[in-house]
Amino acid sequence: EDQVTQSPEALRLQEGESSSLNCSYTVSGLRGLFWYRQDPGKGPEFLFTLYSAGEEKEKERLKATLTKKESFLHITAPKPEDSATYLCAVRASYQKVTFGTGTKLQVIP
Amino acid sequence: DTEVTQTPKHLVMGMTNKKSLKCEQHMGHRAMYWYKQKAKKPPELMFVYSYEKLSINESVPSRFSPECPNSSLLNLHLHALQPEDSALYLCASSPDFETQYFGPGTRLLVL
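Chains are numbered independently. Their residues run from 1 in the order of the written sequence. Chains carry letters and ligands carry numbers; both start at the beginning, A for chains and 1 for ligands, and go up in the order they are written. Given that the model is predicted, a residue must reach a pLDDT of at least 70 before its local features are reported, and side-chain atom pairs must reach 80 or more before they are shown or counted; all residues, however, enter totals for whole chains, interfaces and linings. Excluded from the side-chain calculation are hydrogens and water; included are all heavy atoms of the structure.

Caption draft 1: Region of the structure containing the overall build of chain B. Across its full length, chain B holds 0 helices and 11 strands. Numbering goes from the N terminus for both helices and strands, where a helix is a DSSP run of H or I of at least four residues and a strand is a run of E of at least two. Listing each helix as α and each strand as β along chain B from the N terminus yields β-β-β-β-β-β-β-β-β-β-β. Radius of gyration here uses only the C-alpha atoms, and the compact-globule reference equals 2.2 Å multiplied by the residue count raised to the power 0.38. The C-alpha atoms of chain B give a radius of gyration of 13 Å, which matches the 13 Å a tight globule of 111 residues would have. Dimensions of chain B, computed from the C-alpha atoms along their principal axes, are close to 35 × 25 × 20 Å. Counting over 111 residues, chain B shows a buried share of 50%. Whether two residues touch is decided by their heavy atoms; if any such pair falls within 4.5 Å, the residues are in contact. Taking contacts inside chain B between residues at least 6 apart in sequence as the whole, the part at least 24 apart equals 53%. Counted as positive: Lys and Arg. Counted as negative: Asp and Glu, with His and the chain ends omitted from the count. For charged residues, the charge sits on one atom: NZ in Lys, CZ in Arg, CG in Asp, CD in Glu. Computed over 12 positive and 11 negative side-chain charges, the separation of the two mean positions in chain B equals 9 Å. Any residue under 20% of the maximum accessible area for its type is buried, any over 50% is exposed, and the rest in between are partly exposed; the area is computed with a 1.4 Å probe on protein chains only.

Spelled out as structure tokens, the structure:
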């Protein structure tokens, strides 16, 4: 069975304090790893898709990386508006993705 | 336009009511999904439609009935729900069965 574990569950940062979120996965045949951002009471917003170990994607203050067992979402010099829950998901089988439980990020001014 | 719309935004219903949730996308995506999300939990897959046909049903109770009238529209018909069905119901679509684009969700409260 596919498993996705995210850590930490919650993270509190001062504005400008860089950090990383972790997503470790166990799947048979990864066909894609996805990062989403979700604000309270709203639908997840797509951020990145990674397909193979060594791949990196960047968007503003966010950078996602992928190894054979885990992915990291690096947040550089975060701002309060980066506060959200960040979800990781993996696709191993056709049509279905498995979500992790998310990391709730709070950035304090 | 990468927008998925959902109506209504909020819904309150009794356990004997019948209601429907609506989801629409005009991006030509071939896959559409229904998810249920409880507070502080990840989205939980309910149904997947592929080319307007139901392809995955994650053992969802029959009080939830999905319908895909055309390639742009997805409905979720609700009947005789229980209070534990209260949640955020999310619709998503995908052009390639990989990246999914989510709507804003319908917040459902069952009394």
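Caption draft 2: Broad picture of a nonpolar patch on the surface. Residue and element names in this part refer to chain B. Residues Val 12, Leu 109 and Leu 111 make up a contiguous nonpolar surface patch of about 280 Å² in total accessible area. For Leu 109, the location among the structural elements is in strand β11 (residues 106-110). For Leu 109, a relative accessible area of 39% puts it in the partly exposed group. Only residues whose relative accessible area exceeds 30% and that form no salt bridge are eligible for patches; like-charged ones are grouped when within 9 Å, while nonpolar side chains (Val, Leu, Ile, Met, Phe, Trp, Tyr) are grouped when within 5 Å. To be clear on the numbers: accessible area is Shrake-Rupley with a 1.4 Å probe, and residue cover counts the displayed protein chains and nothing else. Any Lys or Arg side-chain nitrogen located within 4 Å of an Asp or Glu carboxyl oxygen qualifies as a salt bridge.

Caption draft 3: Structural context of the nonpolar core. Note on terminology: a nonpolar core comprises buried Ala, Val, Leu, Ile, Met, Phe, Trp, Tyr and Cys residues joined through side-chain atoms within 4.5 Å. Counting 23 residues, the largest nonpolar core has Trp34(B), Phe64(B), Leu76(B) and Leu78(B) as the members making the most contacts within it. For this core, the secondary-structure elements that each account for two or more residues are β2 (10-13), β3 (18-25), β4 (31-37), β5 (44-50), β7 (64-70), β8 (73-79), β9 (87-94) and β11 of chain B. When sequence neighbours within four positions are dropped, the list of residues in contact with Leu76(B) reads Lys19(B), Ser20(B), Leu21(B), Trp34(B), Met46(B), Phe47(B), Phe64(B), Ser65(B), Pro66(B) and Tyr89(B). Formed by 22 residues, the second largest nonpolar core is a distinct cluster that contains Cys23(A), Tyr25(A), Leu62(A) and Ile75(A).

Caption draft 4: View of the sheet that holds strand β3 (residues 19-26) of chain A. All names here are of chain A. Any two strands between which DSSP finds at least two bridges are classified as paired. Across the sheet, which stays open at both edges, the 5 strands sit in the order β1-β3-β8-β7-β6 with antiparallel pairing between neighbours. Two strands in the sheet have a free side with no partner beyond their single neighbour: β1 (3-7) and β6 (56-59). The sheet shows a mean angle of 15° between the axes of neighbouring strands, direction not considered. In terms of strand pairing, β3 meets strand β8 (residues 70-75) through 6 bridges, oriented antiparallel. Axis angles are defined between N-to-C directions and span 0 to 180 degrees, where every axis is a line fitted to C-alpha atoms and, for a helix, only to the segment in contact.

Caption draft 5: Molecular detail of the side chain of Arg91(A). Its place among the elements puts Arg91(A) in strand β9 (residues 84-91). Classification of Arg91(A) by relative accessible area gives buried; the value is 3%. Definition of a polar contact: a pair of N or O atoms within 3.5 Å, with one able to donate and the other able to accept a hydrogen when the atoms are protein atoms, and with sequence-neighbouring residues admitted only if both atoms are side-chain atoms. Of note is the side chain of Arg91(A), whose polar atom sits 3.0 Å from the backbone oxygen of Phe97(B). A polar contact is formed between the side chain of Arg91(A) and the side chain of Glu98(B), at a distance of 2.9 Å. With sequence-adjacent residues up to four places away left out, Arg91(A) is seen in contact with Gly29(A), Leu30(A), Arg31(A), Gly32(A), Phe34(A), Lys96(A), Val97(A), Phe97(B) and Glu98(B).

Caption draft 6: Region of the structure containing unusual backbone geometry. The omega angle of the peptide bond from Ser7(A) to Pro8(A) is -5°, so this bond is cis rather than trans. Here Pro8(A) is to be found in the loop between β1 and β2 (10-14). With omega at -10°, the peptide bond leading from Thr7(B) into Pro8(B) counts as cis. Mapped onto the elements, Pro8(B) comes out in the loop between β1 (4-7) and β2. Phi at Ala77(A) takes a positive value of approximately 45°, unusual for a residue other than glycine. Mapped onto the fold, Ala77(A) is located in the loop between β8 and β9. Judged by relative accessible area, Ala77(A) falls into the partly exposed class, the value being 36%.

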